Amino acid sequence: MYSSSALLVLGSLLWAMALAGVVIWILTIIAYWKMFTKAGEKGWKAIIPVYSTYKIYDITWKGSMFWLSLAAGIVSSILVNIWPDSVVSLIIATIVLVFALVISVMACFKMSKAYGHGVGYGFGLLFLNTIFILILGFGKSEYVGKQD
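What this report covers is the structure whose coordinates are included nearby. Predicted, not measured: the structure shown is a model, and the values here were computed from it.

**Let's talk about the packing of helix H3 (residues 63–82) against helix H4 (residues 87–114)**
The contact between H3 and H4 brings their axes to 9 Å, and the two run at 160°. For the element pair H3 / H4, the angle class is roughly antiparallel. For the pair H3 and H4, the crossing hand works out as left-handed. Here Met-65, Leu-68, Ser-69, Ala-72, Ser-76, Leu-79 and Val-80 of H3 come into contact with H4, specifically with Ser-89, Leu-90, Ile-92, Ala-93, Val-96, Leu-97, Phe-99, Ala-100, Ile-103 and Ser-104. Partitioning the contact of H3 with H4 into residue classes produces 13 nonpolar, four polar and no charged.

**Remarks on the nonpolar core**
Met-35, Met-111, Tyr-115, Leu-125, Ile-133 and Leu-136 are the most contacted members of the largest nonpolar core, which has 18 residues in total. Of all the elements in the fold, those that place two or more residues in this core are helix H1 (4–38), helix H2 (49–60), H4, helix H5 (119–127) and helix H6 (129–138). For this core, the leading source of residues is H1, giving five residues. Apart from residues no more than four positions distant in its own chain, Leu-136 is found in contact with Met-35, Lys-38, Met-111, Tyr-115, His-117, Tyr-121, Leu-125 and Ser-141.

**So, H4**
Relative to the 40 Å expected for 28 residues at 1.5 Å per residue, H4 spans 40 Å between its end C-alpha atoms, a close match to the ideal helical length. In this structure, the buried residues of H4 make contact with H1, H2, H3, H5 and H6. At the N-terminal boundary of H4, the capping side chain belongs to Ser-86, with an oxygen 3.4 Å from the backbone nitrogen of Val-88. Phi for Gly-116, located one or two positions after H4, is positive at around 80°.

**Concerning the packing of H2 against H3**
Remark: H2 packs on H3, axes separated minimally by 6 Å, with the N-to-C direction vectors making an angle of 130°. Here H2 lies oblique to H3, going by the angle between them. The interaxial crossing formed by H2 with H3 has right-handed handedness. Judged by residue contacts, Val-50, Thr-53, Tyr-54, Tyr-57 and Asp-58 of H2 engage Gly-63, Met-65, Phe-66, Trp-67 and Ser-69 from H3. Across the contact of H2 with H3, the residue classes break down as six nonpolar, three polar and one charged.

**What to know about the environment of Leu-68**
With respect to the helices, strands and loops of the structure, Leu-68 is situated in helix H3. Through-space distance from the C-alpha of Leu-68 to that of Ile-103 is 8.5 Å; in sequence the pair is 35 residues apart. If we ignore the near neighbours within four places in the chain, the residues touching Leu-68 are Phe-99 and Ile-103.

About the thresholds
- Residues numbered from 1 in each chain as written.
- Predicted model: local features only at pLDDT ≥ 70, side-chain atom pairs only at ≥ 80, totals over all residues.
- Heavy atoms only, no water.
- Axes fitted to C-alpha atoms, helices over the stretch in contact; angles between N-to-C directions.
- Helix = DSSP H or I, 4+ residues; strand = E, 2+ residues; numbered from the N terminus.
- Parallel < 35°, antiparallel > 145°, perpendicular 65-115°, else oblique.
- Left-handed = near helix turned anticlockwise from the far one by under 90°.
- Contact = heavy atoms within 4.5 Å.
- Nonpolar A, V, L, I, M, F, W, Y, C, P; charged D, E, K, R; others polar.
- Core = buried A, V, L, I, M, F, W, Y, C linked by side-chain atoms within 4.5 Å.
- Buried < 20%, exposed > 50% of the residue type's maximum accessible area, 1.4 Å probe, protein only.
- Expected span 1.5 Å × (residues − 1).
- Polar contact = N/O pair within 3.5 Å; in protein donor to acceptor, adjacent residues only side chain to side chain.

Spelled out as structure tokens, the structure:
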């Protein structure tokens, strides 16, 4: 059905994508480490996946917003899986997911302000997250405090 060369190319592309993903993940962890130390937190907190995200919310905005966003994602998943054919549950799940998305977008702008930047930098964090996180961590940005 498929030639061996086509499968080889596909496999090579998948490996390249996986490698790029791992590199981006490692760079993001390193940048978070630097951001945490700028905020007076211990850098090792960047290594622990869910905890690091909670700490980002905690030092830039409110830790409770992380838990609210996480709960919204869980509730949405439960609704879709319990009643997959129900239009009402799909509508509610979509509304809850949009709520979680709004919290995540707001978190980008709060992070921008917490490190002394403006709205434009918030859009950078939203659309080119890893690049702008690296700039926050390794650049001249200074932590100015939580943004309520």
